[in-house]
Amino acid sequence: MTTPKHTIEDLISNLGQTLPQVSPEELSSGDELSNVVLFDLREPELMRAGALPGARAVGQRFIELELAQQAIARDAPIVLYCQAGRQSLLALRGLQDLGYSNARSLVGGFSAWSSRGLPVEQPVMLTDPERSRYARHLSLPRVGEPGQLLLKKARVAVVGTGGLGAPIAYYLAAAGVGTLRLIDHDVVDASNLQRQILFDTASVGAPKVEVARKRLSEFNPLVALEVRNEMLDTGNAARLLEGVDIVVDGSDNFETRYAVNQAVLAHRQTLVSASVFQFSGQVYSFAPHLGTPCYACLFPEAAPDSLAPSCSASGVVGALAGTVGMLQVMEVLNIILQIGSPLFGRMLTYNGLKAETRQLSFDVNPSCPACQPIRGGSTEVPAG
Ligand SMILES: [Zn+2]
């Protein structure tokens, strides 16, 4: 008995007859387009000619992983398209195997759509200087061009430009995070220079955010910088943090951290926080709008000053602040790129004297005064 030989054309033709498809006319009628989750499977080169409005670029990543990472429901109305409607049929077969029951492929792909004169959107693309600058990201699996575009679109606020915030801002700018907002009310002091690497001897006495803006704009002119020369408190935190996707807290006191947490809860943002003390530090991430604990779930009340002395009182190793700041940057990048396992509901501690890390898990606190009024009784952590 010989195995019948089918060509890829036979397979695609067969899939075209059996799998659910949608024509450009159907997809463009009424508000159908806005009611579906639309995925563009084409290579970035082809996307330069435009894309369907609202499409999400998948690039070289697997659509199956993409759907799981974006927590798309199995019965969500999904439409896949490629350039000519063939690759999307092959991808659709994989989705059907995984139980996505309401997924369709666009007949004729982008070519058929655009040849009918239907609306096309110019997607955000990388410029040539960005391609050169971020080349090591573009060649990196799980980042690549789609990931770099996510970084370009991201808006991140850094609270404090001190021991944590200075190296954090530097590396976020280096990574190509599109918009960085720096918040600090302080001026540079000579004692900052041991760890706050944005500043130098000539900066002493100048406002930190102004020095940071000048330094970072010279370092990476492709990043948009917003600076706020204000002291963040409960009264202005919501305003200072409005409009960003992720907040990185590099502050050194509980009062500021609680004010940041409140604003993050109100704006449904993701928070990456940390603290350092002498030779050790701890890092944690919070996405309470996705069902994970908030900062106040972990620290229901401020530790007394005797247990949480400031760096000015007890000292800190500059490289330790840099190390912990870099752990925060990795968290931010994983969250923006939707890769890895961020520290949601987990605390990572780092001991610089012993080169030791430890982890501790924590849950939503059902009596947390900060997040419970907003959660409305739901502490469920969504799957995926
Ligand atoms: Zn909470």
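For the structure, see preceding data.
These figures come from a predicted structure and were not determined experimentally.

## Structural notes on the packing of helix H10 (residues 165–175) against helix H11 (residues 208–219)
Moving on, step 1. In the contact formed by H10 and H11, the axes pass within 10 Å of each other and the chain directions differ by 30°. With respect to their mutual orientation, H10 and H11 come out roughly parallel. As for how H10 packs across H11, the hand of that crossing is right-handed. Together, Ala169, Tyr170, Ala173 and Ala174 of H10 and Arg215, Leu216 and Phe219 of H11 make up the contact between the two elements.
Moving on, step 2. Tallied by class, residues from the contact of H10 with H11 come to six nonpolar, no polar and one charged.

## Quick notes on the sheet that holds strand E7 (residues 179–183)
Moving on, step 1. Sheet architecture is open: eight strands sit in the order E8-E7-E6-E9-E10-E11-E12-E13, paired in mixed fashion. Because the sheet does not close on itself, it has two edges, and the strands there are strand E8 (224–228) and strand E13 (356–361). Strand-to-strand, the axes of this sheet are offset by a mean angle of 15°, without reference to chain direction.
Moving on, step 2. Pairing of strand E12 (residues 346–351) with E13, which is carried by six bridges, proceeds in the antiparallel orientation. Pairing of Thr349 across the sheet is with Arg358, part of E13.
Moving on, step 3. Against the sheet, H11 touches E7 and E8, its axis set at about 175° to E8.

## Quick word on the coordination of the zinc ion
Moving on, step 1. Surrounding the zinc ion are the protein donor atoms Cys294 (SG), Cys297 (SG), Cys368 (SG) and Cys371 (SG), at 2.3 Å.
Moving on, step 2. The coordination sphere of the zinc ion comprises four donor atoms, whose angles at the metal cover 99 to 118°; the geometry is tetrahedral.
Moving on, step 3. Between consecutive donors of the zinc ion, the numbers of intervening residues give the motif C-x2-C-x70-C-x2-C. Taken as a pair, Cys297 in helix H14 (residues 295–298) and Cys371 in the loop between E13 and helix H17 (372–375) lie far apart in primary sequence, 74 residues in all.
Moving on, step 4. Residue classification places Cys297 among the buried residues on the basis of a relative accessible area of 9%.
Moving on, step 5. Overall, Cys371 belongs to the buried group, its relative accessible area being 0%.

## A few points about the pattern of salt bridges
Moving on, step 1. Taken as a whole and assessed by the stated rule, the structure comprises 16 salt bridges.
Moving on, step 2. Its salt-bridge partner being Arg228, residue Glu226 comes within 3.7 Å of it at the nearest N-O pair.
Moving on, step 3. Between Arg239 and Glu230 there is a salt bridge; the shortest N-O distance is 2.8 Å.
Moving on, step 4. Members of the salt-bridge network, linked through shared partners, are Arg155, Arg181, Glu226 and Arg228.

## Digging into the environment of Glu25
Moving on, step 1. Within the secondary structure, Glu25 is located in helix H2 (residues 24–28).
Moving on, step 2. With a relative accessible area of 44%, Glu25 lands in the partly exposed category.
Moving on, step 3. Each C-alpha atom of the pair Glu25 and Ala49 lies 20 Å from the other, and the pair is 24 residues apart in sequence.

## Topic: the sheet that holds strand E5 (residues 103–106)
Moving on, step 1. Spatial ordering of the open sheet is given by E1-E5-E4-E2-E3, a layout of five strands whose pairing is parallel. Of all the strands in the sheet, just strand E1 (21–22) and strand E3 (56–57) have a single pairing partner and so form its edges.
Moving on, step 2. Pairing geometry for strand E2 (residues 37–40) and E3, over two bridges, is parallel. By the bridge assignment for E3, Asp40 is matched with Ala57.
Moving on, step 3. Set on the sheet, helix H5 (residues 87–97) makes contact with E1, strand E4 (78–81) and E5; between it and E5 the angle comes to about 175°.

About the thresholds
Counting from 1, residues in each chain are numbered in the order their sequence is written. Whole-chain, interface and lining totals are the exception, using all residues; otherwise, since this is a predicted model, local features are given only for residues with pLDDT of at least 70 and side-chain atom pairs are given and counted only at 80 or more. Processing note: side-chain calculations cover all non-hydrogen atoms of the structure and skip hydrogens and water entirely. Under this scheme, a helix contributes an axis fitted over its contacting stretch, all axes are lines through C-alpha atoms, and angles between N-to-C directions fall in the 0 to 180 degree range. Under the scheme used here, helices are H or I runs from DSSP no shorter than 4 residues and strands are E runs no shorter than 2 residues, and both carry numbers assigned from the N terminus. Roughly parallel here means an angle under 35 degrees, roughly antiparallel means over 145, roughly perpendicular means 65 to 115, and every remaining angle is called oblique. Note on convention: near helix rotated counterclockwise from far helix by under a right angle means a left-handed crossing. Clockwise means right-handed. Residues count as neighbours in contact if any of their non-hydrogen atoms are within 4.5 Å of one another. Note on residue classes: Ala, Val, Leu, Ile, Met, Phe, Trp, Tyr, Cys and Pro are nonpolar, Asp, Glu, Lys and Arg are charged, and everything else, Gly too, is polar. Only strands joined by at least two bridges in the DSSP assignment are considered to pair. Here a donor is any nitrogen, oxygen or sulfur atom (N, O, S) within 2.8 Å of the metal, with 3.2 Å used for Na, K and Ca; water is not among the atoms considered, so some sites may look incomplete. Here the metal geometry follows the donor angles, with tetrahedral for four donors whose angles all fall between 85 and 135 degrees, square planar for four and octahedral for six when opposite donors are more than 155 degrees apart and every other angle is between 65 and 115, and irregular for all the rest. The classification of residues rests on relative accessible area computed with a 1.4 Å probe and restricted to protein chains. Under 20% of the type maximum is buried, over 50% is exposed, and intermediate values are partly exposed. Take a side-chain nitrogen of Lys or Arg and a carboxyl oxygen of Asp or Glu: if they are within 4 Å of each other, that pair is a salt bridge.

All we've got here are geometric facts, nothing functional implied.
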